[in-house]
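Residues per chain, in single letters:
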Amino acid sequence: MHFRKLVGNKCYLSPLSVEDAEQCTAWLNDLEVVRNLSRVSAVIGLDAEREALEKIGREHNYAIVDLATEAMIGVCGFFDTDRLNGTAELGIFIGDKAYWSRGYGREAMTLLLRYGFDYLNFENVLLRVYSFNARAIESYKRVGFREMGRRRRALKRERQFFDVIYMDITPEDLSGDA
Ligand SMILES: CC(C)(COP(=O)(O)OP(=O)(O)OC[C@H]1O[C@@H](n2cnc3c(N)ncnc32)[C@H](O)[C@@H]1OP(=O)(O)O)[C@@H](O)C(=O)NCCC(=O)NCCS
């Protein structure tokens, strides 16, 4: 069951729950999706994912749900939150590949960041992305993230080295055009 907590034009964000574990497990075993994430080298079974969701579901992690069909299409959230300094890191994946490059990622991140800046009092949100992930980088830039640096050749994937790009965003940077 999903709840319309943060609502946009295409999608809404609903608190992630253990009920979402089966869907997440399926996506996280799809190499085309998970090769973009650090979890590609983990074994992700249903029990482990249920446990993980029980833990992270109490923090600001959300299912991304298509408004038109009510289908869950992905997950996004904050982690490594520092309440004292108002910082956090953002993570996102759209597991349903039919929804890639249709603006859903941009809208979901904008909804999440607006909430983070307005109600969680964040001042700076960080993300890390692999240099081969052009779609993600483009989407992040459209949201308002800026590259702040890159850790060179810090990722070895598919027998090649890539950079890990660090991007950050402040409340003023957040683009309104999601
Ligand atoms: C990364 C992700 C969240 C982005 O969300 P999305 O909804 O697919 O992306 P958006 O539609 O918001 O933006 C993608 C942009 O990249 C562009 N794009 C797509 N493929 C591209 C490519 N190969 N090179 C450059 N730009 C590309 C699109 O045209 C679009 O730009 P536009 O809106 O100006 O036309 C989503 O694709 C995803 O979850 N991918 C798999 C997992 C992943 O990579 N997670 C992120 C890990 S850091």
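The model shown is predicted, which means the values in this text are computed figures rather than measured ones.

1. Topic: the overall build of the protein chain
Here is step 1: When its secondary structure is counted, the protein chain shows 5 helices and 8 strands.
Here is step 2: Here the C-alpha atoms of the protein chain give a radius of gyration of 16 Å, agreeing with the 16 Å that 2.2 N^0.38 yields for 178 residues.
Here is step 3: Counting only C-alpha atoms, the protein chain reaches 40 × 40 × 35 Å along its principal axes.
Here is step 4: Sorting the 178 residues of the protein chain into buried and exposed places 47% on the buried side.
Here is step 5: Taking the contacts inside the protein chain whose residues are at least 6 apart along the sequence as the reference set, 63% of them involve residues at least 24 apart.
Here is step 6: Charge-centre separation for the protein chain: the mean point of 25 positive side chains lies 6 Å from the mean point of 27 negative side chains.

2. Here's the deal with the environment of glycine 176
Here is step 1: With respect to the element layout, glycine 176 can be found in the segment after strand E8 (160-169).
Here is step 2: Separated by 135 residues in the primary sequence, glycine 176 and serine 41 place their C-alpha atoms 36 Å from one another.

3. Some points on the side chain of aspartate 163
Here is step 1: Within the element layout of this structure, aspartate 163 appears in strand E8.
Here is step 2: On the basis of relative accessibility, which here comes to 16%, the residue aspartate 163 falls in the buried class.
Here is step 3: Here arginine 153 takes part through its backbone nitrogen, which lies 2.8 Å from a polar atom of the side chain of aspartate 163.
Here is step 4: Apart from the residues within four sequence positions on either side, aspartate 163 is in contact with Val129, Tyr130, Ser131, Arg150, Arg151, Arg152, Arg153 and Ala154.

4. A few points about the site of the ligand
Here is step 1: If you check the shell around the ligand, you find 23 residues, and the closest are Ile94, Gly103, Gly105, Arg106 and Arg142.
Here is step 2: Contact between the ligand and arginine 106: an oxygen atom at 2.7 Å from a side-chain N or O atom of the residue.
Here is step 3: Within the contact set of the ligand, an oxygen atom lies 2.8 Å away from a side-chain nitrogen or oxygen of asparagine 133.
Here is step 4: For the ligand, whose accessible area on its own is 950 Å², the fraction buried by protein is 76%.
Here is step 5: Among the elements of the structure, strand E5 (87-94), helix H4 (104-119), strand E6 (124-130) and helix H5 (134-143) are those that each provide at least two residues to the shell around the ligand.
Here is step 6: When residues in the shell around the ligand are grouped by element, the largest group, 7 residues, is from H5.

5. Remarks on the packing of helix H1 (residues 21-28) against helix H3 (residues 46-56)
Here is step 1: The geometry of H1 relative to H3 is characterised by a closest axis approach of 9 Å and an angle of 120° between their N-to-C directions. As summarised for this structure, H1 and H3 are arranged oblique, according to the angle between their axes. Where H1 crosses over H3, the two elements pack in a sense that is right-handed. Counting all contacts with H1, which are made through Ala21, Glu22, Cys24, Thr25 and Leu28, the residues of H3 involved are Leu46, Glu49, Arg50 and Leu53.

6. A word on the environment of leucine 67
Here is step 1: Tracing the backbone shows leucine 67 in the loop between strand E3 (61-66) and strand E4 (72-82).
Here is step 2: Here leucine 67 falls in the buried class, since its relative accessible area comes to 19%.
Here is step 3: With 58 residues separating them in the primary sequence, leucine 67 and asparagine 9 have C-alpha atoms 7.5 Å apart.
Here is step 4: Aside from chain neighbours lying at most four places away, what touches leucine 67 is Arg4, Val7, Gly8, Asn9, Lys10, Cys11 and Tyr12.

7. Remarks on the sheet that holds E5
Here is step 1: Pairing in this open sheet of 8 strands is mixed, and the strands run E1-E2-E3-E4-E5-E6-E8-E7 from one edge to the other. Two strands lie at the open edges of the sheet, namely strand E1 (6-7) and strand E7 (146-157), each paired on one side alone.
Here is step 2: Where E7 meets E8, 8 bridges bridge the pair, whose relative direction is antiparallel. Note on E8: the bridge partner recorded for arginine 146 is aspartate 168.
Here is step 3: Across the sheet, H4 touches E1, strand E2 (11-15), E3, E4, E5, E6 and E8, and the angle it forms with E5 is around 155°.

Criteria and cut-off values
Residues numbered from 1 in each chain as written. Predicted model: local features only at pLDDT ≥ 70, side-chain atom pairs only at ≥ 80, totals over all residues. Heavy atoms only, no water. Helix = DSSP H or I, 4+ residues; strand = E, 2+ residues; numbered from the N terminus. Rg over C-alpha atoms; globule rule 2.2 N^0.38 Å. Buried < 20%, exposed > 50% of the residue type's maximum accessible area, 1.4 Å probe, protein only. Contact = heavy atoms within 4.5 Å. Lys, Arg positive; Asp, Glu negative; His and termini not counted. Charge placed at Lys NZ, Arg CZ, Asp CG, Glu CD. Polar contact = N/O pair within 3.5 Å; in protein donor to acceptor, adjacent residues only side chain to side chain. Near = heavy atom within 4 Å. Areas by Shrake-Rupley, 256 points an atom, 1.4 Å probe, with all protein chains shown as cover. Axes fitted to C-alpha atoms, helices over the stretch in contact; angles between N-to-C directions. Parallel < 35°, antiparallel > 145°, perpendicular 65-115°, else oblique. Left-handed = near helix turned anticlockwise from the far one by under 90°. Pairing = 2+ DSSP bridges.

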